[in-house]
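# Structural features, examined
What follows is each chain in one-letter form.
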Amino acid sequence: SEVAVEKGKTITLTVKGMEGETATWKSEDKAIATVSEDGVVTGMKAGTTTIIATSEARNVTATCKVTVKRESLILTHIRALSHRCATAWTEIHRG
């Protein structure tokens with residue numbers, strides 16, 4: 001499977017078929033993405049790595065390709081535009 005996450009953001013991975021089992025999580029490249037013991041992946045820098053979950057009970061593994069993307073510049077622009085619109089709206093309705 002494949003997922004994407006922005007730098008500095010997190011996503012939580014789960015493994016279908018391993019519900020209720022204890023899994024060991026590992027990132028092939030911690031400089032790109034880290035993973036906690038609960039499967040929470042944090043994007044560290046832009047790039048691609050593989051997260052591996054191993055079931056301790058059955059000694060089976062599952063992998064997920066994680067692509068870390070740069071922070072979204074579009075959202076910053078929208079926030080700035082929304083602030084300007086709110087300011088303009090307030091000024092118009094002050095009279």
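Details of the structure are given in the entry above.
Residues numbered from 1 in each chain as written. Predicted model: local features only at pLDDT ≥ 70, side-chain atom pairs only at ≥ 80, totals over all residues. Heavy atoms only, no water.

## Points about the nonpolar core
Grouped burial of nonpolar side chains is what soluble globular proteins tend to show. Counting residues in hydrophobic clusters, the biggest one holds 15 residues, and the most contacted among them are Leu13, Trp25, Ala33, Val41, Ile51, Val66 and Val68. Elements represented by at least two residues in this core include exactly strand 3 (23-27), strand 4 (33-35), strand 6 (47-55) and strand 7 (61-69). The element contributing the most residues to this core is strand 7, with three residues. Not counting the four nearest positions on each side in its chain, Ala33 is found in contact with Ser27, Val41, Thr42, Met44, Thr49, Val66 and Val68. (Core = buried A, V, L, I, M, F, W, Y, C linked by side-chain atoms within 4.5 Å. Buried < 20%, exposed > 50% of the residue type's maximum accessible area, 1.4 Å probe, protein only. Helix = DSSP H or I, 4+ residues; strand = E, 2+ residues; numbered from the N terminus. Contact = heavy atoms within 4.5 Å.)

## A closer look at the sheet that holds strand 6
Backbone-to-backbone hydrogen bonds pair the strands of a sheet. The strands run either parallel or antiparallel. Read across the open sheet, the four strands follow the order 1-7-6-3; overall the sheet is mixed. At either end of the open sheet lies a strand with only one pairing partner, and these are strand 1 (2-6) and strand 3. Going from strand to strand, the sheet's axes swing by 25 degrees on average, the running direction of each strand aside. Two elements, strand 6 and strand 7, share eight bridges in a ladder whose sense is antiparallel. Opposite Thr49, over in strand 7, you have Val66 as the bridge partner. (Pairing = 2+ DSSP bridges. Axes fitted to C-alpha atoms, helices over the stretch in contact; angles between N-to-C directions.)

## Focus on the sheet that holds strand 5 (residues 40-43)
What the three strands build is an open sheet, ordered 2-5-4; its pairing is antiparallel. Among the strands making up the open sheet, the edge pair consists of strand 2 (10-12) and strand 4. Adjacent strand axes in the sheet meet at a mean angle of 20 degrees when their direction is disregarded. Looking at chain direction, strand 2 and strand 5 are connected through three bridges and run antiparallel. Bridging from a neighbouring strand, Ile11 pairs with Val41 of strand 5.

## As for unusual backbone geometry
Phi is positive for Asn59, close to 55 degrees, though the residue is something other than glycine. A relative accessible area of 65% places Asn59 in the exposed class.

## As for the environment of Lys16
Secondary-structure assignment places Lys16 in the loop between strand 2 and strand 3. Taking the relative accessible area as the measure of exposure, Lys16 reaches 81% and is therefore exposed. Sequence separation of Lys16 and Ala62 is 46 residues, and the distance between their C-alpha atoms is 9.2 Å.

## So, the pattern of salt bridges
Evaluated as defined, the whole model comprises one salt bridge. Put simply, Arg58 and Glu21 hold a salt bridge, and the shortest N to O gap is 2.8 Å. A residue pair is termed long-range when its members are at least 10 positions apart, and Arg58 in the loop between strand 6 and strand 7 and Glu21 in the loop between strand 2 and strand 3 qualify at 37 residues. (Salt bridge = Lys/Arg side-chain N within 4 Å of Asp/Glu carboxyl O.)

## Considerations on the side chain of Thr49
Mapped onto the secondary structure, Thr49 falls in strand 6. A distance of 2.9 Å separates a polar atom in the side chain of Thr49 from the backbone nitrogen of Asp29. Excluding residues within four positions of it along the chain, Thr49 makes contact with Ser27, Glu28, Asp29, Ile32, Ala33, Cys64, Lys65 and Val66. (Polar contact = N/O pair within 3.5 Å; in protein donor to acceptor, adjacent residues only side chain to side chain.)

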